[in-house]
Amino acid sequence: MANPSAVCNGHLHHHHHQKQNNVLKSGVCKKNGITKGVKKNGVTNGTLYKKTFIEHFEQAPMYVAVLTFVGFGVGTIFGYLRDFMRAWGLEKRNVAQEREQQKDFVPLYQDFENFYTRNLYMRIRDNWNRPICSVPGPQFDLMERVTDDYNWTFRFTGRTIKNVINMGSYNYLGFAETDPNALKTVTKELQKYGTGICSTRQEMGTLDKHVELENLVAKFLGVEDAMVFGMGFATNSMNIPALVGKGCLILSDELNHTSLVLGARLSGATIRIFKHNNMQSLEKLLRDAIIYGQPRSRRAWRKIIILVEGIYSMEGSIVQLPEIVSLKKKYKAYLYLDEAHSIGAVGATGRGVVEYFGMNPDDVDVLMGTFTKSFGAAGGYIAGKKGLVDFLRTHSHSAVYATSMCPPVAEQIIRAMKCLMGLDGTTQGLQRVRQLGKNTRYFRRRLHEMGFIIYGNDDSPVVPLLLYMPGKIGAFARRMLEKNIGVVVVGFPATPITESRARFCVSAAHTREMLDTVLNALDELGDFLQLKYSRYSKSSHPELYEENRFEFED
Amino acid sequence: FVCCISFWILFSQGKAPAYHLILEGILILWIIRLIFSKTYKLQERSDLTPKEKEELIEEWQPEPLVPPVSKDHPALNYNIVSGPPTHKIVVNGKECINFASFNFLGLLDNEKVKSAAQASLKKYGVGTCGPRGFYGTFDVHLELEDRLAKFMRTEEAIIYSYGFATIASAIPAYSKRGDIVFVDEAACFAIQKGLQASRSNIKLFKHNDMTDLERLLKEQETEDQKNPRKARVTRRFIVVEGLYMNTGDICPLPELIKLKYKYKVRIFLEESLSFGVLGEHGRGITEHFGINIDDIDLISANMENSLASIGGFCCGRSFIIDHQRLSGQGYCFSASLPPLLAAAAIEALNIMEDNPDIFQTLRAKCKRIHRALQGISGLRVVGESFSPALHLRLEDSYGSRENDVKLLKRIVDYCVNRGIALTQARYLEKEEKCLPSPSIRVVVTVEQTEQELDKAASLIKEAAESVLN
């Protein structure tokens, strides 16, 4: 899961791509000295990357891995002990039980399936599903929740914890706001349209608002046409089966989101997985697929589609789009790009990874994204050529069987997009994008300086901080809450078992003071919990962490 | 290695009979031979030269990403509604009475619902910016779950942010590969997708045919007796709908309960159309038949019909529902329901609880139009008399499905041009397991007056006469 070519003895491996114009050699000499890990791939590396692409996947020292396994081992032993005591009635059973009349039915759950949930997850369950009672902006109010029986049940005290700094919500551009001026049009549309639609797109559910939104999305992305859907998850799971079927091949990244995996499985096509962001692995799969054809029958594949994401939400890494596009062109495959986290969050004007790499949106066959993260609404879209969108209008499962997006939500997306594009007459949109970029770089730089292990690209607003040991997951989240900061921690099964992490989502609405508060708290907590595993801090490689960008002329 | 050891032990003991030692000796010699012989490689196509590989790569031509769609595809041009899809609707510029949206209780433009949504908008903004596990749980979600559980008189309820995803995520959370699901032929597409995602064995039984279902259950019983160990861990489920979307009739729930206890199968009930329609207080088909709600393992419904909001919910005992909080994919990996929609649903529930007589009114209107639509030559009514979502199918087919669809479209256009908004029921022809015949959907809502119902019936009669003769 960390960079596959990393050496396993704890050395730092900077995934450091440097492809520049042949013209500009002089400006790069300084960085040439540190290019330990420059990869040579099969394609011409002349004009592929227009700026430096730095990603980090440092491996922890060996003792950390050992202690992590020990931690899980202890937890498992105690789990078996507790289960034994529960089975023999020595300890109270806290889980809900099956009905008396149905005790002789086949059991609904296998005992061992829920072992992890019962014994490990339950101990630190209070760090998830924390209810809030305000807008999920840069600060929010949490409902105070206590447990009397070690997390089996919770009880609300009725108090709220006010102004907790929000480092967990996907609010990249800060559009989750309640400013009445900003929400003026949404309020009006809600009054006019109400909240429901009660019909599907193909029947009586297409409103003029949807047409307006689709035209705006197409204009925003610079493509011919777009179609919007009511749920981001469902956009993937209901449209991938419409695009591919039996006899097609799907090449999917190792770390793709559940919705992409579900859509791929439901389509009935063959799925092959390539290593995360690894272009050699992808190229090998492409070559083998075309040369050897379908397994057993050796027939040619009908089509090959590559599923990738713009920013991977658990790693913070950005897809290597220029190389993928050149591969896809060479081998005549199709590219499906899921920009759930990257639309609005990267790129000079927030147009996503396509703009970030300076590429043409026509190079990507299917542009998909969601409105939940950067636009503060709900729903998803698919955009591309008119032929593609017409096909989806007639054949998408969502258009025929699922309700369309509700009008106030559509209006929120319209106003956020107009703000981003500058159509509302202000530069607020551009300012938000710039502020997000500044916040991201500052936050990441300071965390590197402090000595934490951070994964991901320097430009990605998703910042995973590695915790590794299971005991620290609970301790970290609880102590941060005591300091009035809300963080998100993730463990197995969303991440590999040894790489539990805390994930920060930087927002354009965070002020410098809020970030400094968080960073100071992290500093303190990092020392207390001994989280500063990194062997490399700022002092040894100052050149790698400067904030200015190298502006290359084309 | 093992037989070396055993050979040595036997040899040292000196008690083994001769043939035993000879056998061990032969085995050891065979192993030595295997270790030193060359492995047999299968002839692979990897004896292709690099040049041939490049040629293959050059020659391969994929299909286009999507096949071209003709301009006059029946589903390409949507009806565009200007303004809200309420009782009086403006379709493609024409003003009509709405007989096409599932707004059964008329809550789409209810002022109280809108003001509850406005209050929520002021407090929470629009989106939740996160899934339920990561600060996406708002107090309105918890309140809505609580209210739904109380309304349906079950222990717990869980909310999803999209109606389609509700049953499509609930089924795979319980039924895995190797489990058996008995499902009605007329089940809606969301159920079909949930079953496909679960990878279980699907057994279809004829629509509402309890003898067919019992036959399948008996067959399964004889299978079980052949392999009792496997049968002890294979879960079984029956998935039925309260009020079927595709046929407008209800499932025979009392017989299903009997079958449940006789053959030890669990029942999942999908109540999207019957929630807020059937029963004295709108609690659905369990109230309609007077059945104890604990007898049904899981009730799933979407809030997009009667509650005029967006999203869906599942309710049942905590033993069952709590499992979905960690294994329902549409719950864990998707952003939660926007709070303004949850607040609208709560207010809609309040209205449902305060005015229990609207259900009677709705059923009376359904009966009225059901009666009025009988006897139209060329069209027959499909659906129960108290079902608010009826289908009008052609008595005989006019050749091909395409022709039938074109004829029905002409009837629909005739009605829309004269002030009654209707729509055809849409299906994905290649994806459905049991494709229903083409039909016109007629939806009854509480807001339609008796004159409007009569007008609609007579207009459809007129249209059928003019188009089909």
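Residues numbered from 1 in each chain as written. Chains lettered and ligands numbered in written order. Predicted model: local features only at pLDDT ≥ 70, side-chain atom pairs only at ≥ 80, totals over all residues. Heavy atoms only, no water.

Per an unreviewed UniProt entry, chain B carries the name Serine palmitoyltransferase 1 and comes from Chrysolophus pictus. In its Cofactor (unreviewed entry) section, the UniProt record describing chain B reads: "pyridoxal 5'-phosphate". Reading the Sequence similarities (unreviewed entry) entry of the UniProt record for chain B gives the comment "Belongs to the class-II pyridoxal-phosphate-dependent aminotransferase family." (UniProt positions renumbered as here; feature names shortened; annotations may be inferred.)

Per an unreviewed UniProt entry, chain A goes by the name serine C-palmitoyltransferase and belongs to Chrysolophus pictus. We quote the UniProt Cofactor (unreviewed entry) comment for chain A here in full: "pyridoxal 5'-phosphate". Taken from UniProt, the Subcellular location (unreviewed entry) comment for chain A reads in full: "Endoplasmic reticulum membrane".

A. Up close: the sheet that holds strand 16 (residues 439-443) of chain B. Residues and elements named next belong to chain B. Within the open sheet, the four strands sit side by side as 12-13-16-15. Their pairing is antiparallel. Only two strands of the sheet have a single partner each, and these edge strands are strand 12 (379-382) and strand 15 (423-424). The strands that helix 17 (residues 450-468) touches are strand 12, strand 13 (389-394) and strand 16; relative to strand 12, the one it contacts most, it runs at about 140 degrees. (Pairing = 2+ DSSP bridges. Helix = DSSP H or I, 4+ residues; strand = E, 2+ residues; numbered from the N terminus. Contact = heavy atoms within 4.5 Å. Axes fitted to C-alpha atoms, helices over the stretch in contact; angles between N-to-C directions.)

B. Focus on empty space enclosed by the protein. In the structure shown here, the tally under the stated rule is 13 cavities of 30 Å³ or more. In terms of lining residues, the largest cavity is bounded by 30 residues, among which Thr200(A), Tyr401(A), Cys188(B), Met245(B) and Asn302(B) are the most central. For the lining of the largest cavity, the secondary structure elements donating two or more residues are helix 12 (397-401) of chain A together with helix 6 (163-174), helix 7 (189-198) and strand 10 (298-302) of chain B. When its residues are assigned to classes, the lining of the largest cavity shows 15 nonpolar, eight polar and seven charged. (1 Å grid on protein atoms, 1.4 Å probe; cavity = no way out; pocket = protein on both sides within 12 Å on 5 of 7 lines; lining within 4 Å. Points joined across faces, edges and corners; volume = space filled by probe spheres on them. Nonpolar A, V, L, I, M, F, W, Y, C, P; charged D, E, K, R; others polar.)

C. Representation of the packing of helix 6 of chain B against helix 7 of chain B within the structure. Residue and element names in this part refer to chain B. The interhelical angle for the contact between helix 6 and helix 7, taken along N-to-C directions, is 30 degrees, at an axis separation of 8 Å. As the angle between them shows, helix 6 and helix 7 are arranged roughly parallel. Handedness of the helix 6/helix 7 crossing: right-handed. Counted together, Phe 164, Ile 167, Ala 168, Ile 171 and Pro 172 of helix 6 and Phe 189, Ala 190, Ile 191, Lys 193, Gly 194, Leu 195, Ala 197 and Ser 198 of helix 7 form the full contact between these two elements. Looking at side-chain class alone, the contact of helix 6 with helix 7 contains ten nonpolar, two polar and one charged residues. (Parallel < 35°, antiparallel > 145°, perpendicular 65-115°, else oblique. Left-handed = near helix turned anticlockwise from the far one by under 90°.)

D. Quick look at the UniProt feature "domain: Aminotransferase class I/classII large" (unreviewed entry) in chain A. If you check UniProt for "domain: Aminotransferase class I/classII large" (unreviewed entry), the listed places come out as residues 162-522 of chain A in our numbering. For the annotated span residues 162-522 of chain A, helix accounts for 42% and strand for 17% of the residues, and the straight-line distance between the end C-alpha atoms is 20 Å.

E. Up close: the UniProt feature "transmembrane region" (unreviewed entry) in chain A. Within this numbering scheme, the UniProt entry marks residues 60-81 of chain A as carrying the feature "transmembrane region" (unreviewed entry). Taken end to end, residues 60-81 of chain A is 91% helix and 0% strand, and its first and last C-alpha atoms sit 31 Å apart.

F. Representation of the pairing of strand 8 (residues 236-241) of chain B within the structure. Residue and element names in this part refer to chain B. For strand 8, the tally of buried residues reaches six of six residues, placing the bulk of the element in the interior. Here strand 8 shows two buried faces, one formed by Arg 236, Ile 238 and Val 240 and the other by Phe 237, Val 239 and Glu 241. When strand 8 meets strand 9 (residues 266-270), the two strands line up parallel, connected through five bridges. When the sheet's bridge partners are listed, Phe 237 is paired in strand 9 with Arg 266. For the crossover from strand 8 across helix 10 (residues 253-263) to strand 9, the handedness is right-handed. (Buried < 20%, exposed > 50% of the residue type's maximum accessible area, 1.4 Å probe, protein only. Right-handed = clockwise from strand over helix to strand, strands pointing away.)

G. Local environment of the UniProt feature "domain: Aminotransferase class I/classII large" (unreviewed entry) in chain B. If you check UniProt for "domain: Aminotransferase class I/classII large" (unreviewed entry), the listed places come out as residues 95-458 of chain B in our numbering. The span residues 95-458 of chain B is 44% helix and 17% strand, and its two end C-alpha atoms sit 18 Å from each other.

H. Focus on helix 8 (residues 279-292) of chain A. Look at helix 8 of chain A: 20 Å from first C-alpha to last across 14 residues, which is about the 20 Å you get at 1.5 Å a residue. Buried residues along helix 8 of chain A sit against strand 8 (249-253), strand 9 (270-274), strand 10 (304-309) and helix 9 (321-331) of chain A together with helix 3 (50-59) of chain B. At the N-terminal boundary of helix 8 of chain A, the capping side chain belongs to Asn278(A), with an oxygen 3.1 Å from the backbone nitrogen of Gln280(A). Once helix 8 of chain A finishes, Gly293(A) follows within two positions and takes phi at roughly 70 degrees, a positive value. (Expected span 1.5 Å × (residues − 1). Polar contact = N/O pair within 3.5 Å; in protein donor to acceptor, adjacent residues only side chain to side chain.)

I. The confidence of the model for chain A, seen in detail. All names here are of chain A. Looking at chain A as a whole, the pLDDT averages 84, with 88% of positions reaching at least 70. Confidence drops under pLDDT 50 across residues 1-46; counting only partners more than four residues distant or on other chains, this segment forms 86 contacts. Ignoring residues within four places in sequence, the model shows residues 539-554, a span with pLDDT below 50, making 32 contacts including any to other chains. (pLDDT = per-residue confidence, 0-100.)

J. Broad picture of the interface of chain A and chain B. With 115 residues of chain A at the interface, the matching set in chain B holds 116 residues. Carbon and sulfur atoms supply 63% of the area that chain A and chain B bury against each other, a total of about 10300 Å² over both sides. Applying the counting criterion to the chain A and chain B interface returns six salt bridges. Glu98(A) is the partner of Arg266(B) in a salt bridge, and the nearest nitrogen-oxygen pair spans 2.7 Å. For the pair chain A and chain B, the interface holds 48 residue pairs in polar contact (both at pLDDT 80 or more). Here the side of chain A that touches chain B gets seven residues from one element, more than from any other, and that element is helix 11 (residues 386-395) of chain A. Across the side of chain A that touches chain B, the residue classes tally to 61 nonpolar, 34 polar and 20 charged. In this sheet, strand 1 (residues 80-81) of chain B lies alongside strand 6 (residues 206-207) of chain A in parallel orientation, the contact comprising two bridges. Paired with Thr206(A) across the two strands is Ile80(B), which belongs to strand 1 of chain B. (Buried area = accessible area lost by both parts, 1.4 Å probe. Salt bridge = Lys/Arg side-chain N within 4 Å of Asp/Glu carboxyl O.)

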